[in-house]
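Structural features, examined
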Amino acid sequence: MHAAQEVLLVEDDELIREATRLTLEERGYRVRTASDGLTGLALFRERHPDVAVLDIMLPGLNGVSLAGRIREESGVPVLLISARNDPVDVVMGLEAGADDYVTKPFDGPVLVARVRSLLRRAATAGQSADEGPRLRFGDLEFRPASLTALRHGKPLPLTTTELKLLREFAAAPGTVLSRDLLLERVWDYAWSGDTRVVDVHVQRLRSKIGRERIETVRGFGYKLRP
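The sections below set out a description of the structure shown in this document. (Residues numbered from 1 in each chain as written. Predicted model: local features only at pLDDT ≥ 70, side-chain atom pairs only at ≥ 80, totals over all residues. Heavy atoms only, no water.)

**A look at the environment of arginine 136**
For arginine 136, the location among the structural elements is in strand S6 (residues 135-137). Considering only alpha carbons, one finds arginine 136 and glutamate 95, 41 residues apart in sequence, at a separation of 27 Å. A polar side-chain atom of arginine 136 sits 2.7 Å from a polar atom in the side chain of glutamate 141. (Helix = DSSP H or I, 4+ residues; strand = E, 2+ residues; numbered from the N terminus. Polar contact = N/O pair within 3.5 Å; in protein donor to acceptor, adjacent residues only side chain to side chain.)

**Here we look at the nonpolar core**
Counting residues in hydrophobic clusters, the biggest one holds 49 residues, and the most contacted among them are Leu54 and Phe169. For this core, the element with the most residues is helix H8 (residues 196-209), which contributes 6 residues. If near-sequence neighbours (up to four positions away) are discounted, leucine 54 is found in contact with Val10, Gly63, Leu66, Ala67, Ile70, Val78, Leu79, Leu80 and Ile81. Core analysis: the next-biggest nonpolar cluster, separate from the first, contains 15 residues, Leu24, Tyr29, Val53 and Val115 among them. (Core = buried A, V, L, I, M, F, W, Y, C linked by side-chain atoms within 4.5 Å. Buried < 20%, exposed > 50% of the residue type's maximum accessible area, 1.4 Å probe, protein only. Contact = heavy atoms within 4.5 Å.)

**What to know about the sheet that holds strand S12 (residues 221-224)**
Strand order in the open sheet formed by 3 strands is S10-S12-S11, with antiparallel pairing between adjacent strands. Taken across any chain shown, the strands that pair with only one partner, and hence form the sheet edges, are strand S10 (177-178) and strand S11 (214-217). As judged from the 2 bridges shared by S10 and S12, these two strands associate in the antiparallel manner. Its bridge partner being in S12, leucine 177 is matched across the sheet by tyrosine 222. Running over the sheet, H8 touches S11 and S12 and is turned about 145° from S11. (Pairing = 2+ DSSP bridges. Axes fitted to C-alpha atoms, helices over the stretch in contact; angles between N-to-C directions.)

**Quick look at the sheet that holds strand S1 (residues 6-10)**
Spatially, the 5 strands line up as an open sheet ordered S2-S1-S3-S4-S5, and their pairing is parallel. The sheet is open, and its two edges are formed by strand S2 (30-34) and strand S5 (100-104), each paired on a single side. Taken pair by pair, the neighbouring strands of this sheet meet at an average axis angle of 20°, ignoring direction. Here 4 bridges tie S1 to strand S3 (residues 51-55), and the two strands are oriented parallel to one another. Counted as the bridge partner of valine 7 is valine 51 from S3. Across the sheet, helix H1 (residues 14-26) lies against S1, S2 and S5, angled at about 165° from S2, the strand it touches most.

This is the structure we're talking about:
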């Protein structure tokens, strides 16, 4: 139930903050708000929300740094809110550990859909399951049923998004997966999204499972080397 899920919203613009809060509450979410990064971090530690929605341009502690601090402490999904003219900040935020982002100005239903998608992915990753089959790719082992990955026999600290991404690659080793296909399957985008989110998360995944494991096929996408 949405009523049991709590959103941390950190936005310094009062009008945007209140409008977004009302939109989320109308959909049944509980919303806790903060107007600066340091307060947002304290509230995150106090409330342990189900998802964090962070503006990038925040006083005190900006959204990129706040996303990084949250990711150091938790696997909670993080959604960034970005101005259209700061693509570098978006990439930095994704590299810091954010799962997705929306750009200003945004429609309320779009933000709600992104929040719902992040929560759905997190819930799926957290479901208990039998270990099931184990897929091996050199020193990498992936267990699709439980969404766990190991390298050299040691568990890998993958985020929910990275695990979902690895699941798609592991299901079709040697097959080229386009960025649009990954957006649809991993981020639940039924519409065209910014493929930078795919590129950044592939790079993060590579850094953890071995950079040579995922091959870039120029003009097409990526594939997992079998």
